[in-house]
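What follows is each chain in one-letter form.
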Amino acid sequence: MPEPESRTALAPVPGEPLPLGVELTPTGHPAVDAGLARLAALDGVPTDAHVAVYEDVHQRLADTLAALDRD
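Starting afresh in each chain, residues are numbered from 1 along the sequence in its written order. Confidence filtering applies because this is a predicted model: local features only for residues at pLDDT of at least 70, side-chain atom pairs given and counted only at 80 or more, and all residues used for totals across whole chains, interfaces and linings. Calculated side-chain values reflect all of the structure's heavy atoms, with hydrogen atoms and water omitted.

(A) Expanded view of the overall build of the chain. The numbering of helices and of strands both runs from the N terminus, where a helix is a DSSP run of H or I of at least 4 residues and a strand a run of E of at least 2. When helices and strands are counted, the chain shows 3 helices and 0 strands. Only protein chains enter the accessibility calculation, which uses a 1.4 Å probe; a residue is then buried when its area is under 20% of its type maximum, exposed when over 50%, and partly exposed in between. Every one of the 71 residues in the chain was classed for burial, and the buried ones make up 8%. Long-range pairs, those at least 24 residues apart, make up 38% of the contacts in the chain between residues at least 6 apart in sequence. Note on areas: these come from Shrake-Rupley sampling with a 1.4 Å probe, and a residue is covered only by the protein chains present in the view. Summing over all exposed atoms, the chain offers an accessible surface of approximately 5900 Å²; the carbon and sulfur share of this is 61%. Every residue pair with non-hydrogen atoms within 4.5 Å of one another is taken to be in contact.

Laid out in structure tokens, this is it:
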């Protein structure tokens, strides 16, 4: 008996990254939301490509926090 379509549609493809399916909620702060958008773009991308994006987002968030402290 074949599996229901909903189960076969979710079957992982060997060797390909799986999407995390994490829903991101906008914060209303443009710089923070831009960082979240960069993280959302990683969904389904091989993990070895994540490090550079994580570092970039971390730096952007640190700069945003530093700017808030200056204000």
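Picking up after the structure, the text goes on.
(B) Region of interest: a nonpolar patch on the surface. Patch definition: residues above 30% relative accessible area lacking any salt bridge, with like charges linked at up to 9 Å and the nonpolar side chains Val, Leu, Ile, Met, Phe, Trp and Tyr linked at up to 5 Å. Any Lys or Arg side-chain nitrogen located within 4 Å of an Asp or Glu carboxyl oxygen qualifies as a salt bridge. A grouping of Leu20, Val22 and Leu24 is seen on the molecular surface, where their side chains present a nonpolar patch of about 310 Å² in accessible area. As for its placement among the helices and strands, valine 22 is situated in the loop between α1 (5-9) and α2 (30-40). Valine 22 gets classed as exposed once you look at its relative accessible area, which sits at 59%.

(C) Layout of the pattern of salt bridges. Tallied over the entire structure, the rule returns 2 salt bridges. A single salt-bridge network, built from bridges that share partners, covers Arg38, Asp56 and Arg60.

(D) Main features of the environment of threonine 25. With respect to the helices and strands, threonine 25 occurs in the loop between α1 and α2. Take threonine 25: its relative accessible area is 58%, and that puts it in the exposed class. For the pair threonine 25 and leucine 36, spaced 11 residues apart in sequence, the C-alpha to C-alpha distance is 8.7 Å.

(E) Highlighting the side chain of threonine 64. Of note, threonine 64 is situated in helix α3 (residues 50-70). Look at threonine 64 and you get buried, because its relative accessible area is 13%. Setting aside chain neighbours within four positions, we find threonine 64 in contact with His29, Ala31 and Val32.

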